[in-house]
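# Geometric and topological summary
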Amino acid sequence: MPVEELKSSPPSDKKCVLFFWSSWHEATAPGGSTSSLLETLASSIPDISFFRVEAEAQTDLSSKY
């Protein structure tokens, strides 16, 4: 599911993890330690949808959640 669909509300039929990241924060930037951990979790837990949200590019979602 594209991040744009989360602007109204997360899907009610599935658990979701929204991972807010920023390029200036090394651990959350692509390839960072937290980012890698979330990628591992996403590939090993099919019952949960994981979304990477660039916090500064999606300010409405950042404020909402």
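Note that the coordinates shown come from a computational prediction; the quantities given were computed from them, not determined experimentally. (Residues numbered from 1 in each chain as written. Predicted model: local features only at pLDDT ≥ 70, side-chain atom pairs only at ≥ 80, totals over all residues. Heavy atoms only, no water.)

Within the chain, the secondary structure is distributed over two helices and two strands. Taken from the N to the C terminus, the helices and strands of the chain come in the order β-α-β-α. Across the 65 residues that make up the chain, the buried fraction comes to 25%. Summed over all atoms, the accessible surface of the chain reaches about 4300 Å², with 54% contributed by carbon and sulfur. (Helix = DSSP H or I, 4+ residues; strand = E, 2+ residues; numbered from the N terminus. Buried < 20%, exposed > 50% of the residue type's maximum accessible area, 1.4 Å probe, protein only. Areas by Shrake-Rupley, 256 points an atom, 1.4 Å probe, with all protein chains shown as cover.)

On average, the chain scores 85 in pLDDT, and the residues at 70 or more come to 83%. Ranking the elements of the chain by mean pLDDT puts helix 2 (residues 59-64) last, at 87, and helix 1 (residues 33-44) first, at 91. (pLDDT = per-residue confidence, 0-100.)

A few words on the environment of S44. Positionally, S44 belongs in helix 1. Polar contacts involving the side chain of S44 include one to the main-chain carbonyl oxygen of T40, which spans 3.0 Å. (Polar contact = N/O pair within 3.5 Å; in protein donor to acceptor, adjacent residues only side chain to side chain.)

Position of C16 relative to the elements: it lies in strand 1 (residues 15-21). In sequence terms C16 and F51 are 35 residues apart; their C-alpha atoms lie 7.5 Å from each other.

Moving on, we come to the pairing of strand 1. Bridge count for strand 1 against strand 2 (residues 48-54) is seven bridges, and the pairing is parallel. Residue W21 lies in a different strand from strand 2, and its bridge partner there is E54. One crossover worth recording links strand 1 to the parallel strand 2 by way of helix 1, and it is right-handed. (Pairing = 2+ DSSP bridges. Right-handed = clockwise from strand over helix to strand, strands pointing away.)

Right, let's get into the environment of F19. Its location among the elements puts F19 in strand 1. For F19, a relative accessible area of 9% corresponds to the buried category. Distance from F19 to F50, taken between C-alpha atoms, is 7.3 Å for residues 31 residues apart in sequence.

Assignment of secondary structure puts S22 in the loop between strand 1 and helix 1. In contact with S22, not counting residues within four places along its chain, are T28, A29 and E56. (Contact = heavy atoms within 4.5 Å.)

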